[in-house]
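An overview of the molecular structure
One-letter residues, chain by chain:
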Amino acid sequence: MNKTVFSALAVCTVGSLGHASETEDWLGLDKELESLRTTIATSQNASGVGFSGFFRSSYVWGDDSDISGLSIDNVRLDWMGRVNEFDIVFQYEASDAPQGGKPGGSNPVIPIGPGGNSVGEGNSEGVLDAYGAWNFDDDFKLTFGQFRPAILHSSLMDENELFFYNRTLNGFTWAERDQGIQLSGNFDRLGWWAGIMNGDDGGEDDYAYYGRVEFDVVGDGPGSVEGAMGASEDLEISVGGAVYDDDSLDDGFVWALDAQSTISNFSFAGEAVGYDESYSNSGDDDAVAWNLQGTFMFVPDKWEVGARYENMDDFFDDDVWVVTGAIAYYIEGHDAKIQASYSHVDSDSDVLEDTESLQVGVTLAW
């Protein structure tokens, strides 16, 4: 996708916006920022600015009539600037209820989150990312403002970078923004993040603390998008782990493990997140929600199919699992694509009912 970047020196092209560390291929944002830095590197006082965004709309049919109908899921506007060693990022969401990352957003497949407790207050007026980042060293970055805490690899992707139209329950939960400060860096194959956020009480008295590490076990890691689009012919594997603790909750500790891999036309990923009882819908018990998925691109760069299984037995008061099958047709990679998915929710819980849904959506990014 082409985006025009105006600077004191040149006009350059950058890719899609995401929130990430300096780790190679972690997420698309750092590639954009590095492109901008390279263009203006010959002038100490140079600055630049770039714009991007994406639009997503879908039709959902469900046996529960409450989730059926047409929906504008995202109207995302992104602004990125560069001043010397500082990056400035601003993301605005113009749709009423995006399916991730904004308080009040919804997911038609799993319409409920952890225990009614937010992972952070953030801003409900459409502002998503709004932060500055100081690149005070080639391997270190200090980020301050409003952004997503680095808990899961998938939750740091923007919605236009997903193969499945909807996130998992875990991904949906941790795509929400909060306000805070984060230090991140990388050492060869190892990337790390540590931060302090306002947390569930908005930072009135207590704060939330988190840390994440991600290691490229084989190759340079599987890249910054979900699925096999753009994957190397060689095997790529990365694994990550994170902890999060919100002092404003009586039992606000969370642990997370994830792994992702690609090889040729195949991709695989898995996540497991353990929630203390303050987040659980099952009463006084801790909960673990986990998911596995795989995709296969049967026509290179054009057609991809995949399946995903989510288990939330511990998370609710009884057995709950979701199976999703999906197909994507790429017109121009992740910048222009049509996605379709079928999901079945099997629930013995009093909180959720058995549900089947079919969703067809289009994504256009620039």
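Residues numbered from 1 in each chain as written. Predicted model: local features only at pLDDT ≥ 70, side-chain atom pairs only at ≥ 80, totals over all residues. Heavy atoms only, no water.

1. A word on the pattern of salt bridges
The line we're drawing: What makes a salt bridge here is a side-chain nitrogen of Lys or Arg within 4 Å of a carboxyl oxygen of Asp or Glu, nothing more. For helices the rule is a DSSP run of H or I covering at least 4 residues; for strands it is a run of E covering at least 2, with both sets numbered from the N terminus onward. Here the term buried applies to any residue with accessible area under 20% of the maximum for its type, exposed to any over 50%, and partly exposed to those in between, with areas from a 1.4 Å probe on protein chains only.
Under the criterion given, the structure shown has 12 salt bridges. For R76, the salt bridge identified is with E93, shortest N-O distance 2.7 Å. Of this pair, R76 sits in strand β4 (residues 69-83) while E93 sits in strand β5 (residues 86-93); the two residues are 17 residues apart in sequence, bridging distant segments of the chain. We classify R76 as buried; its relative accessible area is 0%. Residue E214 pairs with R212 through a salt bridge whose shortest N-O separation is 2.7 Å. One salt-bridge network, held together by shared partners, links R76, E93, D129, R148, D158, E159, R167 and R177.

2. Here's the deal with a negative patch on the surface
Worth spelling out the cut-off: Like charges are joined within 9 Å and nonpolar side chains (Val, Leu, Ile, Met, Phe, Trp, Tyr) within 5 Å, but only among residues with over 30% relative accessible area and no salt bridge; these make up the patches. Surface accessibility follows the Shrake-Rupley procedure with a 1.4 Å probe radius. Residue values consider only the protein chains on display as shielding. Residues scored as positive are Lys and Arg, those scored as negative are Asp and Glu, and His as well as the terminal groups of each chain are ignored. Here the site of a charge means NZ on Lys, CZ on Arg, CG on Asp, or CD on Glu.
On the surface, D63, D318, D319, D348, D350, E353 and D354 cluster together into a negatively charged patch. Position of D319 among the secondary structure elements: in the loop between β15 (303-311) and β16 (320-330). Judged by relative accessible area, D319 falls into the partly exposed class, the value being 35%.

3. Structural notes on the environment of N166
The topology assignment puts N166 in the loop between β7 (140-147) and α2 (169-174). Separated by 175 residues in sequence, N166 and S341 place their C-alpha atoms 9.0 Å apart.

4. Here's the deal with the confidence of the model for the protein chain
Stated formally: For every residue, the pLDDT score states the predictor's confidence, bounded by 0 at the bottom and 100 at the top. The contact rule is simple, with two residues in contact once any of their heavy atoms fall within 4.5 Å.
Model confidence for the protein chain is summarised by a mean pLDDT of 81, while 75% of its residues fall at 70 or above. Taken element by element, the predicted model of the protein chain shows its lowest mean pLDDT in strand β2 (residues 11-13) (33) and its highest in β15 (97). Within the model, the stretch residues 1-26 combines pLDDT values under 50 with 110 contacts to residues more than four positions away or in other chains. Low pLDDT (under 50) marks residues 99-105, which in the prediction has 30 contacts with non-local residues, meaning those over four places away or in another chain.

5. Regarding the pairing of β5
Let me state the cut-off plainly: When DSSP locates at least two bridges between a pair of strands, those strands are taken to pair.
Burial along β5 is one-sided: the residues D87, V89, Q91 and E93 are buried and none of F86, I88, F90 and Y92 is. Relative to β5, β4 runs antiparallel, the two sharing 8 bridges. Bridging from a neighbouring strand, V83 pairs with F86 of β5. The pairing of β5 with strand β6 (residues 127-137) spans 6 bridges and is antiparallel. Among the inter-strand pairings, F90 is bridged to a residue of β6, identified as A130.

6. Considerations on the nonpolar core
Cut-off, in case you're wondering: The term nonpolar core refers to a set of buried residues drawn from Ala, Val, Leu, Ile, Met, Phe, Trp, Tyr and Cys, joined through side-chain atoms within 4.5 Å.
Of all hydrophobic cores here, the largest spans 32 residues; its most connected members are I151, W174, Y244, Y275 and M312. Those residues within four positions of I151 in sequence are excluded, and the remaining contacts are W174, Y210, R212, A242, V243, Y244 and A256.

7. Section: the environment of S248
In plain terms, the rule: For this analysis, a polar contact is any N or O atom pair within 3.5 Å, provided that within protein one partner can donate a hydrogen and the other can accept it, and provided that sequence-adjacent residues contribute only side-chain to side-chain pairs.
Looking at the secondary structure, you find S248 in the loop between β11 (236-246) and β12 (253-263). A relative accessible area of 23% means that S248 is categorised as partly exposed. For the pair S248 and D206, spaced 42 residues apart in sequence, the C-alpha to C-alpha distance is 5.2 Å. Among the polar contacts made by the side chain of S248, one reaches the side chain of D246 at a distance of 2.6 Å.

8. Some points on the packing of aromatic side chains
Under the convention used in this document: Only centres within 6.5 Å qualify two rings of Phe, Tyr or Trp (six-membered ring in Trp) as a pair; their planes then separate them into stacked at under 30 degrees, edge-to-face at over 60, and tilted for everything else. Working rule: Lys NZ or Arg CZ, within 6 Å of ring centre, within 35 degrees of ring normal, means a charge sits over the ring.
This structure, assessed with the given rule, holds 14 aromatic pairs. Both rings, one in F140 and one in F187, keep their centres 5.8 Å apart while their planes meet at 75 degrees; by these two values the pair is edge-to-face. Highlighted residues: F140 in strand β7 and F187 in strand β8 (residues 178-187), separated in sequence by 47 residues. Among the residues examined, F187 registers a relative accessible area of 46% and is labelled partly exposed. Taken together, the aromatic side chains of F86, W134, F136, F140, F187 and W192 make up a single cluster linked through ring pairs. The ring of Y165 carries R56 above its face, with NZ or CZ at 4.1 Å from the centroid.

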